[in-house]
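# Per-entry structural report
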Amino acid sequence: MREKLSVQQMIEQNKGKGSKAFIEKIIPFILLLIASVSVLTTIGILITLLTETITFFSRIPLTEFLTEKDWNAFGSDPTYGIWALILGTLKVTFIATLFAVPVGLGAALYLSEYASDTARRIIKPILEILAGIPTIVYGFFALTFVTPILRSIWPDLGSFNSISPGLVIGVMIIPMIASLSEDAMSAVPQAIREGALGLGSTKLEVALKVVFPAALSGILASIVLSISRAIGETMIVSLAAGSSPDSSWSLTGSIQTMTGFIVQVATGDATFGTDIYYSIYAVGFTLFLFTLVMNFISQWVTNRFREEY
């Protein structure tokens, strides 16, 4: 038989239910506030960038910003042609991507298809340590180790150049490509691999012709996100790429990227309210547009090539 409760026990029980109901009602509101932090932060950053960028373009014509090839913000006759900074950024990013994609995908294929469980548990954490190294350490590594090695092989290479920071940024983004790609490959059902092996395919054919296409959505998304990360890198290019905006296609001389210019001005003596000061926000807004486009591309690639299992 059901135990009879006293009046006092029933009151205590109802109090407990009331407190639980209150917690259930308040938790969604708290979680909504937490989720709103990132949205509100993004809106605040965007408002700041837009406000200061509009101020810059009220002083410097937009046509000069978009059509001029030279960027010389500190000269007696300053010019603000963003293409010199964009080209410097793209040169470094291209070299980083050219180096990181084959290495990262090779590491992902090995971890997903060839490595034993023991090897995977050892190698993957070691690989991901690269992502935790401070970028200023990477910058000094590029300047004091990679550049001298490259100059011993290629004497015409300048002390500041595009190749050295590009390679080191490539090393930095390898963990992102390898880890995300390996996760995408591991998500491919084992039955698909077994079916391909049963039809007589070799392990390499299964990896390249079955698993790789099936995980293409995640692989391409990891590459796009890594490129976005390379575009926004700051300390490596500030230390190893130089501070001379160059609109040529040369890879051997000193260049300056968009992030490198922001660091140069932010750590210098740019007076508040000057054209140089507001140029930081114009360059920052351009960089924001680059990363925004890369994120949209990543989302499109993920949806376009997604495989349902």
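Residues numbered from 1 in each chain as written. Predicted model: local features only at pLDDT ≥ 70, side-chain atom pairs only at ≥ 80, totals over all residues. Heavy atoms only, no water.

### Considering the nonpolar core
Soluble globular proteins tend to pack their nonpolar side chains together in the buried interior. By size, the foremost hydrophobic cluster in this structure holds 69 residues, and its most contacted members are Trp71 and Ile169. Per-element accounting of this core gives the leading share, 12 residues, to helix H3 (residues 83–114). Once you skip the residues sitting within four places of it in the chain, Ile169 turns out to touch Val92, Ala96, Ala230, Glu233, Ile236 and Val237. (Core = buried A, V, L, I, M, F, W, Y, C linked by side-chain atoms within 4.5 Å. Buried < 20%, exposed > 50% of the residue type's maximum accessible area, 1.4 Å probe, protein only. Helix = DSSP H or I, 4+ residues; strand = E, 2+ residues; numbered from the N terminus. Contact = heavy atoms within 4.5 Å.)

### Some thoughts on the environment of Tyr278
As for its position among the elements, Tyr278 is in helix H12 (residues 275–304). Measuring from C-alpha to C-alpha, the distance between Tyr278 and Ile54 comes to 9.1 Å, with 224 residues separating the pair along the chain.

### Details of the UniProt feature "transmembrane region" (unreviewed entry) in the protein
When the UniProt feature table is mapped to this numbering, "transmembrane region" (unreviewed entry) covers residues 26–50, 80–105, 126–150, 162–185, 206–227 and 276–297. End C-alpha to end C-alpha, residues 80–105 measures 39 Å, and it is 88% helix and 4% strand. Along residues 276–297, the helical share is 100% and the strand share 0%, with 32 Å between the first and last C-alpha atoms. (UniProt positions renumbered as here; feature names shortened; annotations may be inferred.)

### Observations regarding the packing of H3 against helix H6 (residues 163–186)
In a packed pair of helices, the relevant descriptors are the angle between the two axes and the axis-to-axis distance. With their axes 6 Å apart at the nearest point, H3 and H6 run at an angle of 35° to one another. Both H3 and H6 take part in a crossing whose hand is right-handed. Residue composition of the contact of H3 with H6, by class: 22 nonpolar, six polar and two charged. (Axes fitted to C-alpha atoms, helices over the stretch in contact; angles between N-to-C directions. Left-handed = near helix turned anticlockwise from the far one by under 90°. Nonpolar A, V, L, I, M, F, W, Y, C, P; charged D, E, K, R; others polar.)

### Quick word on the side chain of Ser226
Tracing the backbone shows Ser226 in helix H9 (residues 216–231). Ignoring sequence-local partners within four residues, the contact set of Ser226 consists of Ile173, Met176 and Ile177.

### A closer look at a nonpolar patch on the surface
Among the surface-exposed residues, Phe22, Ile23, Ile26, Ile27, Phe29, Ile30, Leu31, Leu33 and Ile34 lie close enough to one another that they form a single nonpolar patch of about 850 Å² accessible area. The topology assignment puts Ile23 in helix H1 (residues 7–59). The class for Ile23 is partly exposed, based on a relative accessible area of 46%. (Patch = residues over 30% accessible without salt bridge, like charges linked within 9 Å, V, L, I, M, F, W, Y side chains within 5 Å. Areas by Shrake-Rupley, 256 points an atom, 1.4 Å probe, with all protein chains shown as cover. Salt bridge = Lys/Arg side-chain N within 4 Å of Asp/Glu carboxyl O.)

### Observations concerning the packing of helix H5 (residues 135–153) against H6
It is the contact of H5 with H6, at a shortest axis distance of 9 Å, that shows an interaxial angle of 130°. In terms of orientation, H5 lies oblique with respect to H6. Note that H5 runs across H6; the crossing there is right-handed. For the pair H5 and H6, the contacting residues are Thr135, Tyr138, Phe141, Ala142, Val146, Thr147 and Leu150 in the first and Ile163, Ser164, Leu167, Val168, Val171 and Met172 in the second. Class assignment for the residues of the contact of H5 with H6 results in 10 nonpolar, three polar and no charged. (Parallel < 35°, antiparallel > 145°, perpendicular 65-115°, else oblique.)

### Describing empty space enclosed by the protein
With the rule as written, the count across this model stands at one cavity of 30 Å³ or more. Space inside the largest cavity adds up to approximately 50 Å³. Residue lining of the largest cavity: Thr89, Val92, Thr93, Ala230, Ile231, Glu233, Val237, Thr257, Met258 and Thr259, and that is the complete set. Residue assignment for the lining of the largest cavity shows that the elements contributing at least two residues are H3, H9 and helix H11 (258–266). For the lining of the largest cavity, the leading source of residues is H3, giving three residues. Its residues placed into classes, the lining of the largest cavity shows five nonpolar, four polar and one charged. (1 Å grid on protein atoms, 1.4 Å probe; cavity = no way out; pocket = protein on both sides within 12 Å on 5 of 7 lines; lining within 4 Å. Points joined across faces, edges and corners; volume = space filled by probe spheres on them.)

### Brief notes about the packing of aromatic side chains
As enumerated under the stated definition, the model contains 12 aromatic pairs in all. Note on Phe285 and Phe288: the rings are 6.3 Å apart at their centroids and 25° apart in plane angle, and the pair reads as stacked. Of this pair, Phe285 and Phe288 both sit in helix H12, three residues apart, roughly one helical turn. Relative accessible area serves as the criterion here: at 18%, Phe285 is assigned to the buried category. (Phe/Tyr/Trp six-rings, centres within 6.5 Å; stacked < 30°, edge-to-face > 60°.)

### So, the side chain of Glu52
Along the chain, the position of Glu52 falls in helix H1. Once residues lying within four places of it in the same chain are set aside, the contact partners of Glu52 are Tyr278 and Tyr281.

### Observations regarding the pattern of salt bridges
Taken as a whole and assessed by the stated rule, the structure comprises seven salt bridges. Its salt-bridge partner being Glu182, residue Lys124 comes within 2.6 Å of it at the nearest N-O pair. With Lys124 in helix H4 (residues 117–129) and Glu182 in helix H6, this residue pair connects regions lying 58 residues apart in the sequence. Judged by its relative accessible area of 4%, Glu182 falls in the buried class. Ionic pairing is found between Asp183 and Lys124, a salt bridge with its closest N-O pair at 3.0 Å. Here Asp183, found in helix H6, pairs with Lys124, found in helix H4; they are 59 residues apart in sequence, far enough to count as distant. By relative accessible area, which is 17% here, Lys124 ends up buried. Overlapping salt bridges bring together Asp117, Arg120, Lys124, Glu182 and Asp183 as one network.

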